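# What the coordinates show
Single-letter residue listing:
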Amino acid sequence: MAGLLKKTNSPNNAVYGGLGGWLMLPAWAVIGIFLVLPVLMMLVYSFLTKEFRGGVIWEFSMAAYDQFFFDRGLFGDDPPVIEWTYITIFWRSIWQAALATFFCLIIGFPTAWFIATRAGKNRSVWLFLITIPYWVNLLIRTISMKFLIRDTGPLNEWLIASGLISEPIHMINTNFAVQLGLFYSYLPFMVLPIYASVERYNFALSEAAADLYASRWTTLRRIILPTVRPGIIAGCILVFVPSLGAFLAPDLLGGAKNFMIGSLIEEQFKGNAGNWPFGAAASMILLSMVLIVLTFYARAQGKEGAR
Amino acid sequence: MNTLLKTWASVLALTLAATGAQAEGKLSIYHWFEYIPQELLDKFAAEYDVEVTMDTFDSNEAMLASLKAGKMGTYDVAVPGDYMVEIMAGEGMLDRFEPSELSNFGNIAPQWLDVGFDPGRHSSIPYQWGSTSFSVNRDVYKGDINTSDILFNPPAELQGKINMLDSQGEVLALASMHLGIPQCTSDRDQLKALNALLQSQKPNWASFSSDGAKDVLVSGDAAAGMIWNGFSAKAREEGANIEYAFPKEGFVVWMDNVVLLKDAPNRANALLFMNFLLEPENAAAVTNYAQYTSGVTGVLVFLEESVANAPELSPPDGQKGEFIMACPQEVQAVYDKIWTDLKK
Amino acid sequence: MARKIDLRRFPGFLPMTYLCLFLLYAPLIIVMIYSFNESQSITNWGGFSLRWYGEVFWGVESEKFKAAAIHSFIIAITAATCSTCIATLAATAMLRAGRFRGKGISFALINLPLMVPEIVTAVATLIFFSAIGFTTGILTILLSHIVFCIPFAYLPIAARMQGIEEVYEQAAQDLYATRFQAFKLILLPLMMPGIISGFLLAFIISLDDFIITNFVKGAGIETLPTAIFGSVKQGIKPNIMAISTLLLLVSVVFVTLSWLVGRMGQNRK
């Protein structure tokens, strides 16, 4: 088996061997021209001098990165010490995004599984059921979520009327609300890739496991999860990475008391700070972090394929 | 499938072509959202046979960023606030006109004619002006509210129930007035005091929100909140038992202005539009919609009664607000640091 | 009698699905209910009324919203189609074409749109377009949408393709199918669930985008998010709720139709 896999990975035997470059060309061209070039420009910007109130002056400067990593006091003339402000902001965003990914996975996997085990024609209906809410603008959905969970909102009123609680549960401007918002923004990004994987799952494997007296949950852990792993990983990337830069949910539901990566960067371009090089530098740091993680993932995938 | 594709391709081609065509008689406006009634734009379009398009922004800084990133030459007029007019003029983004080019120039209220941010009004005309302070829910707190202690040293009833505007300039300006220090001070002790004040008060604030400033007061999520006067009037109309304060330490006054942009593709129509807005009836239409105060004389007869008599629009005698200043670069750097520290 | 256990079912998965649907739809139910509210404000109920629906079709802003809806759908469908095609080819290259030059960075490249914060993409793209002398308009919106839709289409498609063994296509080739035939007749049908997932994700992402669109759009060209943005930021206006409800209705009709068409196709067989 190992030998077989190895063989298919060699260029000559792959079904479309030798066509790789051509098949990839449209993606390279579109992303290369309309994203890589602009991003490279931003990379250059991060090493330029900031122009007061937005824009850049074409003079090399490390000021943006210096500002990110070193604290020189309120007036900028103390001896430099490590700057924790931005690291804290980054850490907060990473933690939030990780939590959101976790919750999306916990609820998204069963949902995807449920959909994939419906009869053929009904599956697409279920898929649409998951995506229909997203026809309504994210801003509207987030604001109505806020309306729903506020102290005097329908949810609390209903809970009080039903006698379950006597005092409203305070949810607005809490981390719980932010999590709910992130979960709500990105759920289908978890469900759909997992569905695409699970749909392909061969239930003969489950039967074989059952014949060998494996319990349901053992089968899930040992057989199903490893088999549909590509879908789970794709879903996690699609939820985690956008959550990192999200600011609508944290701002509207969390009260915007603390910067997230997204709002920090936004402030540099659209706020009073008008510090484009710093905004560019913060984006480049975020970008390289994500790139490093993804490269490790891609490499691990590659090794696995070769095994 | 093939026919479907072909139909789609032609639909797409039509859409692309339709928007590429440049018709004569156009006007392109860059405006705050929810700040001009559609009826007024339609009226202008009908009166002068001009096709009007409008894009919106949500903060002075956002407008500046997008113009700087490459949208100059797209719009004819924009509506920046007072200090932003000065900044844009400094950046060379504004075109100039002569008062004689606007037949209604004389309608500008005298006190808004020779303003610091555009002496003699050569690039801008007044649009609306108003103030920024805060409103308090009278069911929650019944004491004296005309002091900035409400925000920066709140009574027990209001602690943890305050919404602040998510706007560096306005928060720092009110905080400076509370401390009695000048705006954009470069005095280090004063700046440190400013920083310390914000740090110490943060636990008393429940949230930062500008767009939601009205909503949080109406829904009761916040018992007090920084807000613009017209926005507060709308909150009151929606049933919130709130009162707008004119703190004795001072409050912020602002004025939005219609400016003529450099490289305006339709300069003549832009001037027609500015002249149109100086017509008292039209200026009043904006005021009735936005509930701020017009900078044009003779609007009073056209105002709805509830707007003309709104308590939010008339500060008590002898109390004057201050414009927000555009700070010099070194001070702005410290302000940015204070703001980031506040929200880290 | 262990065989009698339905291996597809896991206790607790069904409640999870319902919880999921509840969380997704609860806020929308609020939107739907309040779209029939006579009163202007979201907080008080002023009685049942259809006036906001009238406003949508005949109000002063109806022209703007109609144009915006048309733009949005044309852009979303085109961008989703283009990016799905590009992503399908890219996934085939990554998983089925062995080694080729530049494969190493391709994965990162495809996912780049996901990783750059939206505001940065927005500013950078606008600066780039104005640097190369592109006038902003529908085309600039479309191009930038295609770019950021690619990873959303790619990831579900690639995840699906990883689950399909190469043996099917190899068998086809052994039976003298050309590579194109193997792709069209074997791989594509097997890929369909992944492609549909990818298309749907790309579609909703494009339909929802505000930040990038707002920067790269030409003056006066509105998509749904940019048109309703102002009316929503300071609290949702009832006419926006009516528009949202109508959108939901359209999507439901769309889904029902596709389901019926699918069933008819099945019956004929």
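Quick note: structure is the one above.
Notes on the structure in this doc start here. (Residues numbered from 1 in each chain as written. Chains lettered and ligands numbered in written order. Predicted model: local features only at pLDDT ≥ 70, side-chain atom pairs only at ≥ 80, totals over all residues. Heavy atoms only, no water.)

## Concerning the state of the cysteines
If you walk through the whole model with that rule in mind, you get one disulfide over all chains. Residue Cys184 of chain B pairs covalently with Cys327 of chain B via a disulfide, S to S 2.0 Å. Taking the sign of the S-S torsion, about -80° here, the bridge from Cys184 of chain B to Cys327 of chain B comes out left-handed. You can see Cys184 of chain B sitting in the loop between α6 (168-179) and α7 (188-201) and its partner Cys327 of chain B sitting in the loop between β11 (322-323) and α13 (329-342), a full 143 residues away along the chain. Each member of the pair, Cys184 of chain B together with Cys327 of chain B, is buried. Looking at Cys82 of chain C, it has no disulfide partner, and the nearest cysteine sulfur is the one in Cys85 of chain C, 6.7 Å off. (Disulfide = S-S within 2.5 Å. Helix = DSSP H or I, 4+ residues; strand = E, 2+ residues; numbered from the N terminus. Buried < 20%, exposed > 50% of the residue type's maximum accessible area, 1.4 Å probe, protein only.)

## Things to note about the interface of chain B and chain A
At the junction of the two partners, chain B supplies 42 residues and chain A supplies 34 residues. The junction of chain B with chain A conceals about 3,200 Å² of combined surface from both sides, 52% of it contributed by carbon and sulfur atoms. The interface formed by chain B and chain A includes seven salt bridges. In this structure, Glu83 of chain A and Lys337 of chain B form a salt bridge, with 3.6 Å as the shortest nitrogen-oxygen distance. Taken together, chain B and chain A are joined by 16 residue pairs in polar contact (both at pLDDT 80 or more). Every element with two or more residues in the side of chain B that touches chain A is listed here: α3 (60-71), α6, α7, β6 (205-208), α8 (213-219) and α13 of chain B. (Contact = heavy atoms within 4.5 Å. Buried area = accessible area lost by both parts, 1.4 Å probe. Salt bridge = Lys/Arg side-chain N within 4 Å of Asp/Glu carboxyl O. Polar contact = N/O pair within 3.5 Å; in protein donor to acceptor, adjacent residues only side chain to side chain.)

## Remarks on the packing of aromatic side chains
Applying the stated rule across the entire model yields 57 aromatic pairs over all chains. Ring plane angle 55° and centroid distance 5.4 Å describe the contact between Trp217 of chain A and Phe10 of chain C, whose orientation is recorded as tilted. Here Phe10 of chain C lies in the segment before α1 (13-34) and Trp217 of chain A lies in helix α10 (residues 216-227), a pairing that spans two chains. Centre to centre, the rings of Phe36 of chain C and Phe48 of chain C are 5.3 Å apart; their planes meet at 15°, and the pair counts as stacked. Of this pair, Phe36 of chain C sits in the loop between α1 and α2 (51-58) while Phe48 of chain C sits in the loop between α1 and α2, and the two are 12 residues apart along the sequence. (Phe/Tyr/Trp six-rings, centres within 6.5 Å; stacked < 30°, edge-to-face > 60°.)

## Topic: the pattern of salt bridges
Tallied over the full model, the rule gives 28 salt bridges over all chains. Notably, a salt bridge pairs Asp71 of chain A with Lys337 of chain B, separated by 3.5 Å at the nearest N-O pair. Here Lys337 of chain B lies in helix α13 and Asp71 of chain A lies in strand β3 (residues 70-71), a pairing that spans two chains. Here Lys217 of chain C and Asp55 of chain B are joined by a salt bridge, their closest N and O atoms 2.7 Å apart. Linking Lys217 of chain C in the loop between α9 (211-216) and α10 (224-233) with Asp55 of chain B in strand β2 (residues 51-57), this pair reaches from one chain into another. Summarising the burial analysis for this pair, Lys217 of chain C and Asp55 of chain B share the class buried. Taken together, the salt bridges that share partners define one network made up of Glu51 of chain A together with Lys68 and Glu91 of chain B.

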